[in-house]
Amino acid sequence: MTQAAIPLPATPELRIPIREILPWAVFIGVLALVVLYFVSTEQGALALFSNGYVHEFVHDGRHLLAFPCH
């Protein structure tokens, strides 16, 4: 049984538009740093907010990510 070789069509080059992705990457990076601050550091002397609401809100996430808080 013989088959004729069918040439595959050429695939176009995939181009990633860095100028369109860069602002989103910076935004997500800053957002990730803010979340990391609130989960890891927002307590005690370094608190941005005077009450303990943020600490209590992220308390379980802090333990899940192995940040000590007690």
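A. Quick peek at the pattern of salt bridges. All told, the structure shown has 1 salt bridge when counted by the stated rule. Arg15 is the salt-bridge partner of Glu13, the closest N and O atoms lying 3.8 Å from each other. The pair formed by Glu13 and Arg15 is uniform in burial state, with each residue classed as exposed.

B. Geometry of a nonpolar patch on the surface. A cluster of nonpolar residues, Ile16, Ile18, Ile21, Leu22, Val26, Val30 and Val34, forms a patch on the protein surface that exposes about 640 Å² of accessible area. When you line up the elements, Val34 lands in helix α1 (residues 18–40). On the basis of relative accessible area, Val34 is assigned to the partly exposed category, the value being 38%.

C. Looking closely at the environment of Ser40. Along the polypeptide, Ser40 turns up in helix α1. On the basis of relative accessibility, which here comes to 19%, the residue Ser40 falls in the buried class. For the pair Ser40 and Arg62, spaced 22 residues apart in sequence, the C-alpha separation works out to 6.5 Å. With residues near it in sequence (within four places) discarded, Ser40 still touches Arg62 and Phe67.

D. Representation of the environment of Val58 within the structure. Inspection of the secondary structure puts Val58 in the loop between α2 (53–57) and α3 (59–64). When the C-alpha positions of Val58 and Ser40 are compared, they lie 8.8 Å apart, and in sequence the two are 18 residues distant. Excluding its chain neighbours within four sequence positions, the residues that come into contact with Val58 are Phe38 and Val39.

Criteria and thresholds
Residues numbered from 1 in each chain as written. Predicted model: local features only at pLDDT ≥ 70, side-chain atom pairs only at ≥ 80, totals over all residues. Heavy atoms only, no water. Salt bridge = Lys/Arg side-chain N within 4 Å of Asp/Glu carboxyl O. Buried < 20%, exposed > 50% of the residue type's maximum accessible area, 1.4 Å probe, protein only. Patch = residues over 30% accessible without salt bridge, like charges linked within 9 Å, V, L, I, M, F, W, Y side chains within 5 Å. Areas by Shrake-Rupley, 256 points an atom, 1.4 Å probe, with all protein chains shown as cover. Helix = DSSP H or I, 4+ residues; strand = E, 2+ residues; numbered from the N terminus. Contact = heavy atoms within 4.5 Å.

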